[in-house]
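Breakdown of the fold
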Amino acid sequence: MTDAPKLTEDLQRLLATMPDPTANAQVTALESELADRLGVRHAIAVSSGTAALHTALVALGIGPGDEVLVPALTVIMSVAPVIHVGARPVFVDCTPDGTDVDYTDLTAKLTPAVKAVLPVHLWGRTGELPRLRRWADEHGLPVVEDACQAQGSHTGDRPAGTGSTIGCFSMKDGKVLWCGEGGYLLTDHDRYAAAARTYRSHGLPPPPPGYRPRVAHNYRLAEPLALIARANLARFDELLARRQQQAALLRDLLTGASGVQPVDAPGHRWNGYSFLAEISVPQPRAFCEHLAGLGVPNSVGTFRLVPADRRPELASFAASPCGNAAAVIDRTLAVILTDHDDDHRIAGYAHTITREVRAWCPRD
Ligand SMILES: *Cc1c(COP(=O)(O)O)cnc(C)c1O
């Protein structure tokens with residue numbers, strides 16, 4: 001639980017100092033706490049994860065005529081920023097088990113117009129990031145990680161979103177580290193950090209030398225939200241442990257249930273962002289919607305997740321269908337977890353899933 005009395009007191013104290021158009025003490029403190037904790041040179045707080053990705057692409061100078069490699073196994077928020085900078089998303093398929101990018105497809109889609117690769121750690125699973133960074137290095141490409149769902153996941157001994165060119169995060173309500181709405185970028189590159197800071201707030205502070213002046217944005221994070229983010233960052237270990245415990249409990253309760261096979265994230269320390277299971281039932285998407293209707297929130301049933309290359313608004317960018325991504329999404333039950341879900345609610349999810357799988361499957 002948040003230390004509510006202390007947070008209330010801190011918020012009251014902050015509100016008493018407002019309005020103050022030049023205030024940024026909370027944002028500045030949050031940035032240095034994030035940078036310290038994650039072991040990077042720069043953290044830049046922004047107003048959302050979408051804003052973080054948009055700002056990262058701008059900082060790298062990506063724009064019209066450029067292509068960016070993005071997984072098909074992702075949500076619209078990873079792709080929209082590519083389009084907002086005027087570049088073209090090129091969808092890359094995943095491995096059949098959905099835990100990494102398909103390197104054959106990745107290499108096949110490399111053209112001289114490709115200027116970045118943007119891996120997305122959907123459901124908190126990072127895949128083998130060192131391999132992706134080596135691949136990108138060989139081709140002289142920056143890596144922008146969409147780590148919005150991967151706060152607390154690690155590959156090797158590195159936290160997700162560190163060790164690539166820029167890592168992007170969201171603090172929307174429901175992410176592991178949340179503050180309502182918000183986001184941040186992490187980078188070790190001074191130049192990209194300076195470019196991100198200037199883009200975040202309509203050119204102030206002024207851009208680094210040699211950086212093309214451009215019309216920017218208001219992507220600032222509000223001070224009260226930064227204060228909430230700091231309170232949650234202070235209890236991040238607890239938030240992460242809670243999420244992992246929830247995913248593990250659901251896995252234990254569903255192990256052995258027919259038609260539901262819990263899956264893990266092989267090869268790295270996983271934050272347990274969502275509980276994941278492979279379901280073998282007829283019409284799995286309809287089944288996920290049915291579960292959502294019965295109070296088991298999940299990616300397909302609640303948020304209508306489809307591969308990015310199948311979204312109607314992205315149809316003009318979809319070249320060849322990414323079949324693995326579609327198959328993975330269709331057979332994955334990804335249960336959405338939050339800080340509020342106590343063991344009783346988790347047990348209720350397991351009970352509903354077990355009962356409904358049995359009822360949904362034709363008897364033999
Ligand atoms: C939440 C999320 C985003 C976008 O974050 P917002 O703060 O909602 O803009 C981007 N990518 C992924 C994978 C996300 O889960």
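Residues numbered from 1 in each chain as written. Predicted model: local features only at pLDDT ≥ 70, side-chain atom pairs only at ≥ 80, totals over all residues. Heavy atoms only, no water.

1. Thoughts on the sheet that holds strand 12 (residues 332-336)
Read from one edge to the other, the open sheet built from three strands follows the order 10-11-12, with strand pairing classed as antiparallel. Taken across any chain shown, the strands that pair with only one partner, and hence form the sheet edges, are strand 10 (260-262) and strand 12. Sheet twist, expressed as the average angle between the axes of neighbouring strands with direction ignored, equals 35 degrees. Sheet analysis places strand 10 next to strand 11 (residues 274-279), joined by three bridges and oriented antiparallel. In the strand pairing of strand 11, Pro262 is matched with Ala277. Against the sheet, helix 12 (residues 323-331) engages strand 11 and strand 12, with an angle of about 60 degrees to strand 12. (Pairing = 2+ DSSP bridges. Helix = DSSP H or I, 4+ residues; strand = E, 2+ residues; numbered from the N terminus. Axes fitted to C-alpha atoms, helices over the stretch in contact; angles between N-to-C directions. Contact = heavy atoms within 4.5 Å.)

2. Side note on unusual backbone geometry
With an omega of 0 degrees, the peptide bond between Met18 and Pro19 qualifies as cis. Checked against the element boundaries, Pro19 lands in the loop between helix 1 (4-17) and helix 2 (25-38). Of note in this structure, Trp123 is not a glycine but carries a positive phi near 60 degrees. Along the polypeptide, Trp123 turns up in the loop between strand 4 (114-117) and helix 6 (129-138). Using a relative accessible area of 2% as the deciding quantity, one classes Trp123 as buried. Positioned with a positive phi, Gln283 is a non-glycine residue whose angle comes to about 45 degrees. If you trace the backbone, Gln283 turns up in the loop between strand 11 and helix 10 (284-293). (Buried < 20%, exposed > 50% of the residue type's maximum accessible area, 1.4 Å probe, protein only.)

3. Looking at the site of the ligand
Close contacts around the ligand come from 14 residues, with Gly49, Thr50, Asp146, Ser170 and Lys175 the closest. One of the backbone nitrogen or oxygen atoms of Gly49 is found 2.8 Å away from an oxygen atom of the ligand. A distance of 2.6 Å separates an oxygen atom of the ligand from a polar side-chain atom of Lys175. Calculation on the ligand without its partners gives an accessible area of 380 Å², and the protein chains cover 95% of this total. Only helix 3 (49-59) and helix 4 (76-84) provide two or more residues apiece to the shell around the ligand. (Near = heavy atom within 4 Å. Polar contact = N/O pair within 3.5 Å; in protein donor to acceptor, adjacent residues only side chain to side chain. Areas by Shrake-Rupley, 256 points an atom, 1.4 Å probe, with all protein chains shown as cover.)

4. Comments concerning the domain arrangement of the protein
On domain assignment, one finds that the protein holds domain 1 (4-234) and domain 2 (236-359). Averaged C-alpha coordinates put domain 1 and domain 2 at centres separated by 24 Å. Between domain 1 and domain 2, the residue contacts involve 44 residues of the former and 40 residues of the latter. Taken as a group, Phe91, Trp123 and Val176 account for 23% of the area that domain 1 buries against domain 2, more than any other trio of residues on that side. (Domains from an automatic or database assignment. Buried area = accessible area lost by both parts, 1.4 Å probe.)

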